[in-house]
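Topology and contacts: notes
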Amino acid sequence: MSESLFWSDQLADETVEEFPEQDFYVCASGISPSGIVHAGNFREIITSDFVVKSLKQKGEDVKFIYSWDDYDRFRKVPSNVPDSFEQYLGLPLTHVPDPEGCHDSYADHFESQLEKELEDMHMDIEFIRQTKNFEKSEYADLIKKGLEKRKEVKKILDKYRKEPLEQPYYPIRAYCTECDKDFTEVKDWDGEYTLTYYCKECEEGKTLNFKEEGNVKQPWRIDWPMRWKYEDVHFEPAGKEHSASGGSRDTGNELAEKIYDKKPPVHQMYEFVTKDGSKISSSSGDDVFTISELKKVYSPEMIRFLFSGTKPNKAFEIPFESEEIFQRYDKFDRIEEAYFNEEEMDNERKEQHQKRVYELAMVDVPEERPVRVPFKHLSFVAQTVPEEDWDPKAIESLKRTGHVPGNISEKDVTRVLERLERAKNWAREYAPEEYVYQINYEAEGDFDEDQLEALKHLKEKIEEGYEDQDDFDNKIFDAKGDSELGTGEFFNTSYQALLGREQGPRLSRLIMSIGDQKAVEIIEEIL
């Protein structure tokens, strides 16, 4: 057992304790590709990944499998899919065409999207498309075992139901060998691999040998533990609903042990994730909050950081359209700084926790502390320096304001520009109005004589030059003192001249970001 109290390290310890001396460990996750996999679903994936990373740190060999339950039936038409797709209800998801026509099937469309989104998330995942296994009859013998013990299966499931399952009960569904749909009812089983069923779509009885033809699937509650057995899974998390008393995790545990002679994998319940205080929508609409959208404003490492710092059984919020995003970035930067300056931590337990939060977020920890610029300031710079001039003008601006060192490395320049890109996306698409800025290049605005005189004094102080930002602040206050305006009116006038609004960031920083020459040109145009 390790001494770490970090949650994924403890789950790794529990997994090794429950399943000692394994050649390799299997951590699992999965979903039905019935629509877009949203950012809330990502919590299951990353929970497994953190345990994978913790097991690897312990020196264990680990395989991370992600099951696409794409042999599930197409059960309803999402709101962002044409109504004409009703004709495909009852088909396996892999047999439904892609509504956008760019992939081989409906399932492949959404599977490919998630797999691409995960490419830069520092995960090593083996994706399993379950259609292939079912159609190749990989599970035929285990399905047969479920049929042999169907009375015991029914007894276990009935314990958690208000009404018992109907008799005769067969824990299997057939896809018709003719119409390919599952509007079927199993009538008999020969004790081996042949089913007799009635297809309501074709309106006739048929038989199929699921050892030879596939075309069958078990209901979810027995399918899940059956695949624990087949894949020899040692750890798999589950959402709040599956983990509830009497949920599919409870029945799965009992079915695994009594039907398949399989010790259930170590379990971790995970709570919902919210976006700006609201539950992340399901996969059925156009406004789904995807991992791709999340990556517009959070880097892969920042996304991992958001999830690593909160235990899976605790709900948490992802700020996206509010200024709370500044706090998340600032917290990451503080933890990173402490990681490279351990003497700054005054609490050993907190130090160890934050160390693991950072390591699991970064995966590949840099040798030296990276240069980071506060996200809030970058959201301002992104709006005041033309994008085509970011390198070198934005970097030079950050040097002037002291946010980056004069000898910044190329690697750190890249890091800064990547964060700047995300700050731009946030400012342009999601930021509250008070954080949206536009430089008054047109020099528009009406100013009285006192205001114009104040701007003249400000212009002169800019032209005098300054040693650093503190010196510039002093010169700005000297300009205010030389004017006839009060403090508030002086700064309101300055912001009105430069931004076309009465409020803004620290004035010295604003001018340094715009550039002294450009600020002087705007004021001269007004004068």
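Summarised in this report is the structure supplied together with it. Note that the coordinates shown come from a computational prediction; the quantities given were computed from them, not determined experimentally. (Residues numbered from 1 in each chain as written. Predicted model: local features only at pLDDT ≥ 70, side-chain atom pairs only at ≥ 80, totals over all residues. Heavy atoms only, no water.)

1. As for the side chain of Lys181
Within the secondary structure, Lys181 is located in the loop between β4 (173-174) and β5 (184-189). Of the residues examined, Lys181 reaches a relative accessible area of 11% and is grouped as buried. A distance of 2.6 Å separates a polar atom in the side chain of Lys181 from the backbone oxygen of Gln87. Those residues in contact with Lys181 that sit more than four places away from it in its chain are Gln87, Leu89, Gly90, Leu91, Ala174, Tyr175, Cys176 and Glu201. (Helix = DSSP H or I, 4+ residues; strand = E, 2+ residues; numbered from the N terminus. Buried < 20%, exposed > 50% of the residue type's maximum accessible area, 1.4 Å probe, protein only. Polar contact = N/O pair within 3.5 Å; in protein donor to acceptor, adjacent residues only side chain to side chain. Contact = heavy atoms within 4.5 Å.)

2. Some thoughts on the state of the cysteines
Taken as a whole, this structure holds 0 disulfides when the rule is applied. Here Cys176 is not cross-linked by a disulfide; its sulfur's nearest cysteine counterpart is in Cys199, at 3.8 Å. Owing to a relative accessible area of 1%, Cys176 belongs among the buried residues under this scheme. (Disulfide = S-S within 2.5 Å.)

3. As for the environment of Ile408
Note on placement: Ile408 falls in the loop between α15 (390-400) and α16 (410-429). For Ile408 and Pro168, which are 240 residues apart along the polypeptide, the C-alpha to C-alpha distance reads 74 Å.

4. Here we look at a negative patch on the surface
Among the surface-exposed residues, Asp448, Glu449, Asp450, Glu453, Glu460, Asp478, Asp482, Glu484 and Glu489 lie close enough to one another that they form a single negatively charged patch. Those elements that place two or more of their residues in the negative patch are α17 (449-464) and α18 (469-482). At 4 residues, α17 tops the list of elements feeding residues into the negative patch. Tracing the sequence through the fold places Glu489 in helix α19 (residues 487-499). (Patch = residues over 30% accessible without salt bridge, like charges linked within 9 Å, V, L, I, M, F, W, Y side chains within 5 Å. Areas by Shrake-Rupley, 256 points an atom, 1.4 Å probe, with all protein chains shown as cover. Salt bridge = Lys/Arg side-chain N within 4 Å of Asp/Glu carboxyl O. Lys, Arg positive; Asp, Glu negative; His and termini not counted. Charge placed at Lys NZ, Arg CZ, Asp CG, Glu CD.)

5. Topic: the sheet that holds strand β11 (residues 273-275)
Strands sit in the order β12-β11-β13 across an open sheet of 3 strands; the sheet is mixed. Both outer strands of the open sheet, β12 (278-279) and β13 (316-318), are each paired with one neighbouring strand and no more. (Pairing = 2+ DSSP bridges.)

6. As for helix α9 (residues 248-259)
The complete set of buried residues in α9 reads Ser248, Arg249, Thr251, Gly252, Glu254, Leu255, Ala256 and Ile259. In this structure, the buried side of α9 is in contact with α5 (140-148), α6 (150-158), α7 (220-231), β9 (235-239), α8 (240-243) and β10 (266-270). Phi turns positive, to about 50 degrees, at Asp261, one or two residues after α9.

7. Section: the nonpolar core
In this structure, Phe42, Tyr298, Phe307 and Trp426 are the most contacted members of the largest nonpolar core, which totals 105 residues. Sorting elements by how many residues they give to this core places helix α2 (residues 42-57) first, with 7 residues. In this structure, Phe42 is in contact with Leu118, Met121, Met123, Ile291, Ile303 and Phe307, ignoring residues within four places of it in sequence. Judged by nonpolar contacts, the second largest core, of 31 residues, contains Tyr71, Phe134, Val153 and Ala174. (Core = buried A, V, L, I, M, F, W, Y, C linked by side-chain atoms within 4.5 Å.)

8. Quick word on unusual backbone geometry
The residue after Gln167, namely Pro168, is reached through a cis peptide bond having omega -10 degrees. Following the sequence through the fold, Pro168 ends up in the loop between α6 and β4. The omega angle of the peptide bond from Asp391 to Pro392 is 25 degrees, so this bond is cis rather than trans. Looking at the secondary structure, you find Pro392 in helix α15. Of note, His122 is a non-glycine position whose phi angle comes to about 60 degrees, a positive value.

9. Considerations on the environment of Asp232
Tracing the sequence through the fold places Asp232 in the loop between α7 and β9. For Asp232, a relative accessible area of 34% translates into the label partly exposed. Along the sequence, Asp232 and Val26 sit 206 residues apart, while their C-alpha atoms lie 6.8 Å from each other. Setting aside chain neighbours within four positions, we find Asp232 in contact with Gln22, Val26, Arg227 and Lys262.

10. As for the packing of α15 against α16
Relative orientation and spacing of two packed helices are given, respectively, by the angle between their axes and the distance between those axes. Here α15 crosses α16 at 95 degrees, and the two axes come no closer than 11 Å. Between α15 and α16, the interaxial angle falls into the category roughly perpendicular. Taken together, the residues of α16 that come into contact with α15 (itself represented by Trp390, Asp391, Ala394, Ile395 and Leu398) are Val413, Val416, Leu417, Leu420, Glu421 and Lys424. In terms of residue class, the contact of α15 with α16 is built from 8 nonpolar, no polar and 3 charged. (Axes fitted to C-alpha atoms, helices over the stretch in contact; angles between N-to-C directions. Parallel < 35°, antiparallel > 145°, perpendicular 65-115°, else oblique. Nonpolar A, V, L, I, M, F, W, Y, C, P; charged D, E, K, R; others polar.)

11. Remarks on the sheet that holds β5
If you walk across this open sheet you meet the 3 strands as β5-β6-β7, and the pairing is antiparallel. The open sheet terminates on both sides in strands that have one partner only, identified here as β5 and β7 (204-209). Neighbour-to-neighbour, the strand axes of this sheet turn through a mean angle of 30 degrees, independent of strand direction. In this structure, strand β6 (residues 194-199) lies alongside β7, joined through 6 bridges in antiparallel fashion. Residue Thr196 lies in a different strand from β7, and its bridge partner there is Thr207.

12. Quick look at the pairing of β9
With 5 of 5 residues buried, β9 lies mostly within the body of the structure. Judged by which residues are buried, β9 turns out to be covered on both faces: Phe235, Pro237 and Gly239 on one side and Glu236 and Ala238 on the other are all buried. Where β9 and β10 come together, 5 bridges link them in parallel fashion. Across the sheet, residue Gly239 finds its bridge partner in β10, namely Tyr270.

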